[in-house]
Amino acid sequence: MSHYDLIVIGSGPAGRAAAIQAAKLKHKVLVVERGQKVGGVCVHTGTIPSKTLRETIMNLSGYRERSFYGRSYRAKDEIKARDLRDRLRKTLDYEVDVLEHQFSRNRVDTMFGEAHFTSKSSIEVIGEDGERATFTADRFLLATGTVPFRPDYIPFDGEKVLDGDEILSLPRIPRSMIVIGAGVIGVEYATMMSALDVHVILIEPRDSFLDFIDKTLIQEFTHEIRDMGVDLRLGSTVTKVSTDEEKVHVELENGRNVSAEMLLFAAGRMGATEKLNLEACGLETDHRNRIPVDKDSYQTPQSHIYACGDVIGFPSLASTSLQQGRVAACHAMDHPTLKQSPWFPYGIYSVPEMSTCGMSEEECAERGIAYEVGIARFRETSRGHIMGLKTGMLKMLVSLKNRKILGVQIVGEGATELIHIAQAVLNLDGTVDYFVENTFNYPTLAEAYKIAGLDAWNRMPNLDLEK
Ligand SMILES: Cc1cc2nc3c(=O)[nH]c(=O)nc-3n(C[C@H](O)[C@H](O)[C@H](O)COP(=O)(O)OP(=O)(O)OC[C@H]3O[C@@H](n4cnc5c(N)ncnc54)[C@H](O)[C@@H]3O)c2cc1C
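Computed from a prediction, not measured in an experiment: that's the story for all the values here.

Procedures and definitions
- Residues numbered from 1 in each chain as written.
- Predicted model: local features only at pLDDT ≥ 70, side-chain atom pairs only at ≥ 80, totals over all residues.
- Heavy atoms only, no water.
- Helix = DSSP H or I, 4+ residues; strand = E, 2+ residues; numbered from the N terminus.
- Expected span 1.5 Å × (residues − 1).
- Buried < 20%, exposed > 50% of the residue type's maximum accessible area, 1.4 Å probe, protein only.
- Core = buried A, V, L, I, M, F, W, Y, C linked by side-chain atoms within 4.5 Å.
- Contact = heavy atoms within 4.5 Å.
- Pairing = 2+ DSSP bridges.
- Axes fitted to C-alpha atoms, helices over the stretch in contact; angles between N-to-C directions.
- 1 Å grid on protein atoms, 1.4 Å probe; cavity = no way out; pocket = protein on both sides within 12 Å on 5 of 7 lines; lining within 4 Å.
- Points joined across faces, edges and corners; volume = space filled by probe spheres on them.
- Nonpolar A, V, L, I, M, F, W, Y, C, P; charged D, E, K, R; others polar.

Colleague: Summarise helix α6 (residues 184-195); cite the residues concerned and give the values.
Modeller: For α6, which comprises 12 residues, the first-to-last C-alpha distance of 17 Å matches the rise-based estimate of 16 Å (1.5 Å per residue) to within 8%. Among all positions in α6, only Gly-186, Val-187, Glu-188, Tyr-189, Ala-190, Thr-191, Met-192, Met-193, Ser-194 and Ala-195 are buried.

Encoded structure:
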């Protein structure tokens, strides 16, 4: 039986960052992974594949060039499922290669198999061939992520009715698709498919969607995706899903029925904790199988067991999981030097993409914060003209009390890259003066910050910040 300083269960972003951080602090670390390769949901079914798919679709469809050459413009005439899969495989292989190299360079041991606790300080790992091995450790870090929620009333078959993981092995590109769930994953896949000219019906039971994003942006986004042809149905509860030889049929509570060649169910994910036998180590989960932790240290109620990444819930991003992994490992190894900055960006790789950092206008209003708004449209920037952008906007919220930036929300080309300027200014406690006083590269989309900053600044009382 081998003993480790730290055993990490799961090799996604949280597990990988934690393992490498602990190894860099000269500790003996084991990573256990039940998948066939390291990388987690992030590399194999989530972030990287969906973003590779998006990039491939944007390139092959010629979507970015359509404002110049017309809506019927295509870079490749007939796009097949194989075209999408080819690039996917290359990107994923490369990611796995980098990761394996990172583990070996940092002398992190890896073990493939499913882990479960046998006591508070030991786990058993069952390999694919049924072989069993036991390990003990001083500390454990649970980074087991999530699995798609698959309710009984959805007749999943991996061909016509798919969950969020199965869509990556799309057997063919359908002519029509129903997407259930207008959360981040549903919206991303629905708009990607629409960019491929698939007729998409996006169904959401609530009357609104992506509620953490500023309403102005959502209005802009909704207008754009409807213009693309997405049939967005809010306030529509699904009562029945059935299939026949050719189609999937969905019955809605409001009496309306819809049919399509394929259905993607993208309404939620559950913590992947069922196989961990957490009773053996004295831990419990919530109703969605997630593990509660202290949000500063990532310690569970069992102080030698840590948990981070998607298995602890919000915000469930690869970006935040990486940082949580590092923070947790430092804490576990008595090196509590790393902290997390308060503001992190949220990126939604829909078509068009959206990204936010800080507060939305609704949040400022709710908290009773007096603010001014600055808006810039991408078409006001020279870079926007060059790129042929007809849409896209940046909205900046500025405190009327001290001119500090409260939040920035962007919809349009490059939003997920551009947001990092806002993130830096927010976390450094900067004011709108930063944007007003600094020179920006020209022509760039980043100039939108200057335009929005001036827009807000010109309407604000001139505060003397020295007093
Ligand atoms: C479609 C989709 C798109 C996404 N897009 C983005 C995006 O654009 N940006 C972003 O920041 N985030 C995105 N995410 C979220 C991101 O993928 C996750 O936040 C991230 O993967 C979480 O990392 P993690 O380390 O917590 O777990 P995961 O990446 O889920 O990895 C967990 C690993 O643990 C393993 N495991 C589970 N149980 C056991 C066990 N008992 N024994 C051994 N191993 C086990 C699993 O096999 C898995 O490999 C997306 C997610 C999805 C599904």
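On we go.
Colleague: Give me the nonpolar core: which residues, what numbers.
Modeller: In terms of nonpolar packing, the biggest core is built from 49 residues, with Ile-7, Phe-117, Ile-123, Leu-141 and Leu-142 touching the most fellow members. Excluding anything up to four places from it in sequence, Ile-123 contacts Ile-7, Ile-9, Val-32, Ala-115, His-116, Phe-117, Thr-118, Ala-133, Thr-134, Phe-135 and Phe-140. Judged by nonpolar contacts, the second largest core, of 46 residues, contains Tyr-189, Leu-196, Leu-202 and Met-393.

Colleague: Before we move on, could you go through helix α1 (residues 13-24) and cite the residues and values that matter?
Modeller: Relative to the 16 Å expected for 12 residues at 1.5 Å per residue, α1 spans 16 Å between its end C-alpha atoms, a close match to the ideal helical length. Among the 12 residues of α1, 10 are classified as buried, and the element is accordingly described as predominantly covered. Of the residues making up α1, those classed as buried are Pro-13, Ala-14, Gly-15, Ala-17, Ala-18, Ala-19, Ile-20, Gln-21, Ala-22 and Ala-23. On its buried face, α1 is in contact with β1 (2-9), β2 (29-33), α2 (40-44), α5 (81-105), β6 (132-142) and α8 (318-332). Note on α1: the residue one or two positions beyond its end, Lys-26, has a positive phi of about 70°.

Colleague: Go over the sheet that holds strand β12 (residues 238-243), please, and point to the residues and values.
Modeller: Each strand in a sheet pairs with its neighbour through backbone hydrogen bonds, running either in the same direction (parallel) or in the opposite one (antiparallel). Pairing within the open sheet is antiparallel, and its three strands lie in the order β12-β13-β14. Edge positions in the sheet fall to β12 and β14 (257-260), since each has one partner strand and no second. Averaged over neighbouring strand pairs, the angle between their axes works out to 15° when direction is ignored. As paired strands, β12 and strand β13 (residues 248-252) are joined by five bridges and run antiparallel to one another.

Colleague: Give a description of the layout of surface pockets that names residues and reports values.
Modeller: Taken as a whole, the second largest pocket spans an internal volume of roughly 700 Å³. Taken together, 26 residues form the lining of the second largest pocket, with Tyr-63, Arg-66, Ser-67, Glu-224 and Thr-391 sitting closest to its centre. Taken together, the elements giving at least two residues each to the lining of the second largest pocket come down to α3 (47-61), α4 (66-69), α6 and α7 (215-228). Of the residues forming the lining of the second largest pocket, the biggest block, four residues, is contributed by α7. When its residues are assigned to classes, the lining of the second largest pocket shows eight nonpolar, six polar and 12 charged.

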